[in-house]
Every structure is written in C-alpha cells, then in structure tokens.
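# Structural characterization, general
So the chains spell out like this:
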Amino acid sequence: MDFDLALFAAIGFAAQLIDGAIGMGYGVIASSVLVASGMPPAVASAAVHVTKIPTGIASALSHWKFGNIDWSICRRLILPGVLGGIVGASVIALLPLNIIRPLAALYLGLMGIVVILRALRWRRGFAVAETPKGRPGIVGLLGGLFDSFGGGWGPIVTTSLIMQGREPRKAVGSANTAEPIVAAVQAAVFSFWLGAATLTTIGSTALAIMVGALLAAPVAAFLVNRLPGRLIAGAVGLVLIGINMPALIALIGKLL
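Residues numbered from 1 in each chain as written. Predicted model: local features only at pLDDT ≥ 70, side-chain atom pairs only at ≥ 80, totals over all residues. Heavy atoms only, no water.

### Here we look at the overall build of the protein chain
Helix and strand counts for the protein chain come out as ten helices and zero strands. Of the regular secondary structure in the protein chain, the N- to C-terminal order runs α-α-α-α-α-α-α-α-α-α. Of all 256 residues assigned to the protein chain, the portion counted as buried reaches 46%. Intrachain contacts of the protein chain at a sequence separation of at least 6 include 85% that bridge at least 24 residues. (Helix = DSSP H or I, 4+ residues; strand = E, 2+ residues; numbered from the N terminus. Buried < 20%, exposed > 50% of the residue type's maximum accessible area, 1.4 Å probe, protein only. Contact = heavy atoms within 4.5 Å.)

Below is the structure:
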C-alpha cells in the first residue's frame, strides 16, 4: 500500500508539473497512468476529480483576483457541464470494465492528439472577435460529458471558447472557475455508483496525488521559464498516446 501511495504521489507530481508548464493535461495524464497501472477507469476518474476540487477553487480565486472571469460565460458553463458530468460519470461507472477500458484508452489517446495539435500552433495565437460566435452551454455539456472519461475539461472547454473568438484570459479564467463545481458533482456521482467499498481507495489515491501535485507547483513554474512550451506540449501528447496504445492494440486484436 505504501508503494501504491508513493506511485500515486509521483503521478500527481508529473501531472501537475506538466499542467503547470503548459496549462493543460493534469486530468488526462493522471487518469491515463492510473488506468494503465490496473485501476478501473471509474475509480481513477473519481480520484482525479476529487483532487480537482481544492486545486480548482484555488485557481478560481487567483483568476478572480486578476479579473480573468467573465461571470456570464461561467454561469452558462456550469449547469450544462454538471449535466454532462452526471451522464458521463454514470455511463463510465455502470459499463462493464471490458467495454469501458478500451473506450477510456481511445478517448485519452485522442486527447494526446489534441495536445500535439495545440503544440503545433503554440505561437500562432487566436483572434478575439467583437461578437464571439458559439454557445458556451454546448461547450460545457460536451466538456462535462467527456471530462468524465478521465479529464479533458480544459482542452475541450478552454480551447473551444478561445476558438469562438473569446478573449483567451477570460476563456481560461471562466473555464477554470466552473471546473471545480463540475468536478465535485462528477466525484459525487462516481462515489454513488461505485459504492462505499471504493471510497477509501478513492480518498487515499486522491490525497497522494494532491501531495505530489503540491510539490510539483514550484518546479513547474521553473520549467515554464526554461523549456519551450511547444516542446513540452508535444512530448506530453506523445506520452499520452504511448500510455494508451497497449489497450488500443489489444482492442484491435480482439476485433480482428
């Protein structure tokens, strides 16, 4: 058990290190490694979402302090995000492991591709529109739904809001402020479906991950000033694809 907790702390350290350096990847990286180590996807996702509550609140307070929140966007993200999270968490918790494992691996591998694509356009930026197009509610619904598979709220929601023409700092601040509320609901839904027997595992895993994440924060700040963001993001995408590749190969083998 001590070895497991040390491993979970190391996962939290690595995930926060990368997220702090490029602004995304915490959930998908932590979930990928937990699932690859043999943990059921629903339990892994539940533990990761528990850790997002305190870290998300801290992030929201920081964005509020610096005026990075558009409360109109935030409100339009929360309810659809919660609804999507409830549906997604319920599906993952209730589907048999032999079905959900390859689905989770496929999703997390695709998120690796998303990270790589973001790395390729790292320095190009996005245009801010006078009248942004698109509905934040739909973005929140999809973000909550797919985030339940182990992470992805930031890559889906933040990126979509920016591509709609919204100011990047407002998109980041609004998405980060809505995230802990959605994560709290997802964690509660997972706990309800998984039962009391898994609560100890979820709690101990989440605590170990948070300890590792806290230790990584200052190191991530150092890396931001030393390594190109494009290089880090591209490497993260390749790691995500590599971690989830064995499960995808096994799925293809069964289909063939």
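### Looking at the pattern of salt bridges
Summed over all chains, the structure comprises three salt bridges. Residues Asp147 and Lys52 are paired through a salt bridge, measuring 3.1 Å at the closest nitrogen-oxygen approach. Of the two residues, Asp147 is situated in helix H6 (residues 136-147) and Lys52 in helix H3 (residues 41-65); the sequence distance between them amounts to 95 residues. Here Asp147 falls in the buried class, since its relative accessible area comes to 2%. The shortest N-O distance in the salt bridge between Glu167 and Arg169 comes to 2.8 Å. Take Glu167: its relative accessible area is 33%, and that puts it in the partly exposed class. Residues participating in the shared-partner salt-bridge network are Lys52, Asp147 and Glu179. (Salt bridge = Lys/Arg side-chain N within 4 Å of Asp/Glu carboxyl O.)

### Points about the environment of Gly234
Relative to the helices and strands, Gly234 resides in helix H10 (residues 229-255). Once the C-alpha coordinates of Gly234 and Ile116 are considered, the two residues, 118 residues apart in sequence, prove to be 4.8 Å apart.

### Concerning the nonpolar core
Residues Phe8, Ile29, Leu34 and Phe190 are the most contacted members of the largest nonpolar core, which totals 35 residues. Among the elements of the structure, helix H1 (2-22), helix H2 (26-36), H3, helix H4 (71-94), helix H5 (97-120), helix H8 (168-194), helix H9 (199-224) and H10 are those that each provide at least two residues to this core. Not counting residues within four places of it along the chain, the set of residues in contact with Ile29 comprises Ala15, Ile18, Val236 and Leu240. Ranked by size, the runner-up nonpolar core spans 14 residues in total, among them Val139, Trp153, Ile162 and Ala178. (Core = buried A, V, L, I, M, F, W, Y, C linked by side-chain atoms within 4.5 Å.)

### Some remarks on the packing of aromatic side chains
Scanning the model with the defined rule gives one aromatic pair in all. Geometrically, the ring pair formed by Phe192 and Trp193 is edge-to-face, given 5.1 Å between the ring centres and 75° between the ring planes. Residue Phe192 is classed as exposed on the basis of its relative accessible area, which comes to 62%. (Phe/Tyr/Trp six-rings, centres within 6.5 Å; stacked < 30°, edge-to-face > 60°.)

### Brief notes about the packing of H4 against helix H7 (residues 153-163)
Contact pair H4 / H7: the axes reach a minimum separation of 13 Å and the direction vectors enclose 140°. Judged on the interaxial angle alone, H7 and H4 are oblique. The two elements H4 and H7 meet at a crossing, and its hand is right-handed. Here Ile73, Leu77 and Gly81 of H4 come into contact with H7, specifically with Trp153, Val157 and Leu161. (Axes fitted to C-alpha atoms, helices over the stretch in contact; angles between N-to-C directions. Parallel < 35°, antiparallel > 145°, perpendicular 65-115°, else oblique. Left-handed = near helix turned anticlockwise from the far one by under 90°.)

### Concerning the packing of H4 against H6
Interaxial distance between H4 and H6 falls to 6 Å at its minimum, and their mutual angle equals 35°. Handedness of the crossing formed by H4 with H6: right-handed. Within the contact between the two elements, H4 uses Ile73, Arg76, Leu77, Pro80, Gly81, Leu83, Gly84, Gly85, Val87 and Gly88 and H6 uses Pro136, Gly137, Gly140, Leu141, Gly144 and Leu145. Residue classes in the contact of H4 with H6 are distributed as eight nonpolar, seven polar and one charged. (Nonpolar A, V, L, I, M, F, W, Y, C, P; charged D, E, K, R; others polar.)

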